[in-house]
Amino acid sequence: MSTLSARHIPLSHLVPWLLAVPALLLLGYLVLMDNGAVSQTGGYLHELMHDGRHLLGVPCH
Amino acid sequence: MVRTLLVRGLLLGLLAGLVAGVFAFAVGEPRIDDAIALEKAAAVHEHGAAAEPGSATHGHETGTPEQRAGTHGKESGTHEHGDEVGRGTQKAGLFLATGLYGLAVGGVFSLAFAGLRGRVGPRSDAALALATAGTAFAAVIVVPFLKYPANPPAVGDPETINTRTLLYLAMIGVGLLSTAIAVTTVRGVRGGPWARWPAAVLAFVVPVAVASLLLPAVDEVPDGFPATLLWQFRITSLGTQLVFWASFGTLFGWFCDRAARAPAPA
Ligand SMILES: [Zn+2]
């Protein structure tokens, strides 16, 4: 059985992986909110993800 | 360790996203089709058939849905459903959207989980995964939903999309902040569970209620839009998120549990 201290991950181990967060948030933004400004695909990406946006509950149009 | 959790979060998030996609496809797509049919009828009624000089092939419901026609990028601001991307492609795109959403959420979740582990919340990984997923669902999904509920196509003014998106994100911020306040409160309050839990609930609900009262309302449902369809769509949308978070929390917890039983890797 692991103890509480063994379960705690030191922040120094965690910090480098936090670099993935901006990339993950960008992916979320592209799927849920972009209207062509960032993706540079016109409305294509928006239209492709359209039903998902509505059903995931984010404002769409 | 962090790498293992991140990879697990990404893969299980993708999987849970696809599961939610199946639910959304089966239950949600018929509602979207109904709403789009109303939208088309209203557009023809209001603007007449000559509203769009560029697209003569407007009546795509009768023909094949495969008419994306390479026109993407040409049209700038307004978006007309099914003109750039056919409905068939959009229905496939639903799985892409929920899958990628799951990937992104799963990745962020796993890093938050790695930070919480051993610091806040239940000690067992499985219980922590479920508690974190449940809390995230309440803070990031239910809180914004109560103030700015999901809308089907045909509901909402395209002119206000940026404002509505910012307000929606503000409510997500409120949900996360209220969670932080509740967690701080529950750790600070002395006394048994009878004192701590009501204090935590109050510390969560009060900031959410205050923000809901202060932030502007959005009411853009067109006159005559069927209330039943609106209600069904909103419940289906909340259901899609519930399916996602329930399957993701369960899968993540289950895999943590399984990993803990296996002989420990380095
Ligand atoms: Zn839209």
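As the structure is a computational prediction, the values presented were derived from the model and not from experiment.

Some remarks on the overall build of chain A
(1) Moving on: Each helix and strand counted, chain A has 5 helices and 0 strands in total.
(2) Moving on: Over its C-alpha atoms chain A spans a radius of gyration of 18 Å, topping by over 25% the 10 Å that the globule rule assigns to 61 residues.
(3) Moving on: Along the first, second and third principal axes, the C-alpha set of chain A runs to 50 × 25 × 15 Å.
(4) Moving on: Out of the 61 residues in chain A, the part that is buried amounts to 49%.

Quick word on the interface of chain A and chain B
(1) Moving on: Contacts between the two partners involve 38 residues from chain A, matched on the other side by 63 residues from chain B.
(2) Moving on: It is Arg7, Leu55 and His61 of chain A that lose the most area in chain A upon contact with chain B, and together they represent 20% of the buried surface on that side.
(3) Moving on: Taken together, chain A and chain B are joined by 1 salt bridge.
(4) Moving on: Across the pair aspartate 51 of chain A and arginine 87 of chain B runs a salt bridge, and its minimum N-O distance is 3.0 Å.
(5) Moving on: At the junction of chain A and chain B, the tally comes to 7 residue pairs in polar contact (both at pLDDT 80 or more).
(6) Moving on: At the level of secondary structure, the elements contributing two or more residues to the side of chain A that touches chain B comprise helix H1 (4-7), helix H2 (11-14), helix H3 (20-32), helix H4 (44-48) and helix H5 (50-56) of chain A.
(7) Moving on: In terms of residues, the side of chain A that touches chain B owes the most to one element, H3 of chain A, which gives 7 residues.
(8) Moving on: Class assignment of the residues belonging to the side of chain A that touches chain B gives a composition of 22 nonpolar, 13 polar and 3 charged.

Topic: the confidence of the model for chain B
Residue and element names in this part refer to chain B.
(1) Moving on: For chain B, the average pLDDT comes to 86, and 85% of its residues sit at 70 or higher.
(2) Moving on: Across chain B, helix H3 (residues 125-147) holds the top mean pLDDT of 97, while helix H1 (residues 2-47) sits lowest at 92.
(3) Moving on: Note that pLDDT drops below 50 for residues 49-82; the model gives that stretch 50 contacts with residues more than four away or on any other chain.
(4) Moving on: The ipTM for the predicted assembly is 0.90, set against a pTM of 0.85.

Here we look at the nonpolar core
(1) Moving on: With 43 residues, the main nonpolar core has Tyr101, Phe113, Phe244, Trp245 and Phe252 of chain B as its most contacted residues.
(2) Moving on: Counting only elements with at least two residues in this core, the list comes to H3 of chain A together with H1, helix H2 (87-116), H3, helix H4 (161-188), helix H5 (193-214) and helix H6 (227-261) of chain B.
(3) Moving on: Two domains each donate at least three residues to this core, and these are domain 1 (1-44 + 87-155 + 225-265) and domain 2 (156-220) of chain B.
(4) Moving on: Setting aside residues up to four positions removed in sequence, tryptophan 245 of chain B forms contacts with Tyr101, Val105, Phe109, Ala133, Ala136, Phe137 and Ile141 of chain B.

Some words on the packing of H3 of chain B against H6 of chain B
Residues and elements named next belong to chain B.
(1) Moving on: Where H3 contacts H6, the axes come no closer than 8 Å and their chain directions differ by 160°. Considered as vectors, H3 and H6 are oriented roughly antiparallel to each other. Crossing angle aside, the handedness with which H3 passes H6 is right-handed. Between H3 and H6, the residues in contact are Asp125, Ala126, Ala129, Leu130, Ala133, Ala136, Phe137, Ile141 and Phe145 and Arg234, Leu238, Gln241, Leu242, Trp245, Gly249, Thr250, Phe252, Gly253, Cys256 and Asp257, respectively.

Digging into the pattern of salt bridges
(1) Moving on: In this structure the tally under the stated criterion is 7 salt bridges over all chains.
(2) Moving on: Measuring nitrogen to oxygen at the nearest pair gives 3.2 Å for the salt bridge that ties aspartate 257 of chain B to arginine 261 of chain B. In this pair, aspartate 257 of chain B and arginine 261 of chain B are both assigned in helix H6, 4 residues apart and thus about one turn of the helix distant.
(3) Moving on: Residue classification places aspartate 257 of chain B among the partly exposed residues on the basis of a relative accessible area of 31%.
(4) Moving on: Residue arginine 261 of chain B is classed as exposed on the basis of its relative accessible area, which comes to 66%.
(5) Moving on: Each member of the salt-bridge network shares a partner with another, and the members are Asp51 of chain A together with Glu29, Asp33, Arg87 and Lys91 of chain B.

What about the packing of aromatic side chains?
Residue and element names in this part refer to chain B.
(1) Moving on: Scanning the model with the defined rule gives 11 aromatic pairs over all chains in all.
(2) Moving on: For the ring pair phenylalanine 113 and phenylalanine 252, a centre distance of 4.9 Å and an interplane angle of 70° mean the geometry is edge-to-face. Note that phenylalanine 113 is positioned in helix H2 and phenylalanine 252 in helix H6, a separation of 139 residues in sequence. Across the pair, phenylalanine 252 and phenylalanine 113 agree in class, each one buried.
(3) Moving on: Consider the rings of phenylalanine 244 and tryptophan 245, whose centres lie 5.4 Å apart with planes at 85°: the pair is edge-to-face.
(4) Moving on: Positioned above the aromatic ring of tryptophan 254 is the side chain of arginine 258, whose terminal nitrogen or guanidinium carbon lies 5.7 Å from the ring centre.
(5) Moving on: The ring of phenylalanine 255 carries arginine 258 above its face, with NZ or CZ at 4.9 Å from the centroid.

Cut-offs applied
Here the residue numbers are simple positions, counted from 1 along each chain's written sequence. Chain A is the first chain written and ligand 1 is the first ligand written, with later ones labelled in order. Two thresholds apply to this predicted model, a pLDDT of at least 70 for residue-level local features and 80 or more for giving and counting side-chain atom pairs, whereas whole-chain, interface and lining totals are computed over all residues. Hydrogens and water are ignored here; the side-chain numbers use all heavy atoms of the structure. We count a stretch as a helix when DSSP gives it H or I for four or more residues in a row; a strand needs E for two or more, and each element gets its number in order from the N terminus. Between the two quantities, the radius of gyration covers C-alpha atoms and the globule rule is 2.2 Å times the number of residues to the power 0.38. Note on exposure labels: buried denotes an accessible area under 20% of the residue type's maximum, exposed denotes more than 50%, and partly exposed covers the range between, all computed with a 1.4 Å probe on protein chains only. Note on contacts: a residue pair is in contact if any heavy atoms of the two residues lie within 4.5 Å. As a working definition, buried area equals the accessible area (1.4 Å probe) given up by two parts on being put together, with both sides summed. In the sections that follow, a salt bridge refers to a side-chain nitrogen of Lys or Arg positioned within 4 Å of a carboxyl oxygen of Asp or Glu. Polar contact criterion, stated in full: a pair of N or O atoms within 3.5 Å, where within protein one must be able to donate a hydrogen and the other to accept it, and residues adjacent in sequence count only if both atoms are side-chain atoms. Residues were grouped as follows: Ala, Val, Leu, Ile, Met, Phe, Trp, Tyr, Cys and Pro as nonpolar; Asp, Glu, Lys and Arg as charged; and all remaining residues, including Gly, as polar. A score between 0 and 100, pLDDT records how confident the predictor is in each residue. Think of a nonpolar core as a cluster: buried Ala, Val, Leu, Ile, Met, Phe, Trp, Tyr and Cys residues, connected wherever their side-chain atoms sit within 4.5 Å. Domain start and stop positions are those given by an automatic or database domain assignment. What counts as an axis is a line fitted to C-alpha atoms, over the stretch in contact for a helix, and the angles between N-to-C directions run from 0 to 180 degrees. For this classification, under 35 degrees means roughly parallel, over 145 means roughly antiparallel, 65 to 115 means roughly perpendicular, and everything else is oblique. For a crossing to be left-handed, the near helix must be turned anticlockwise from the far one by less than a right angle; the clockwise case is right-handed. A pair of aromatic rings is counted whenever rings of Phe, Tyr or Trp (Trp by its six-membered ring) have centres within 6.5 Å, and the orientation is called stacked for planes under 30 degrees apart, edge-to-face for over 60 and tilted otherwise. Lysine NZ or arginine CZ positioned within 6 Å of the ring centre and within 35 degrees of the ring normal marks a charge as sitting over the ring.

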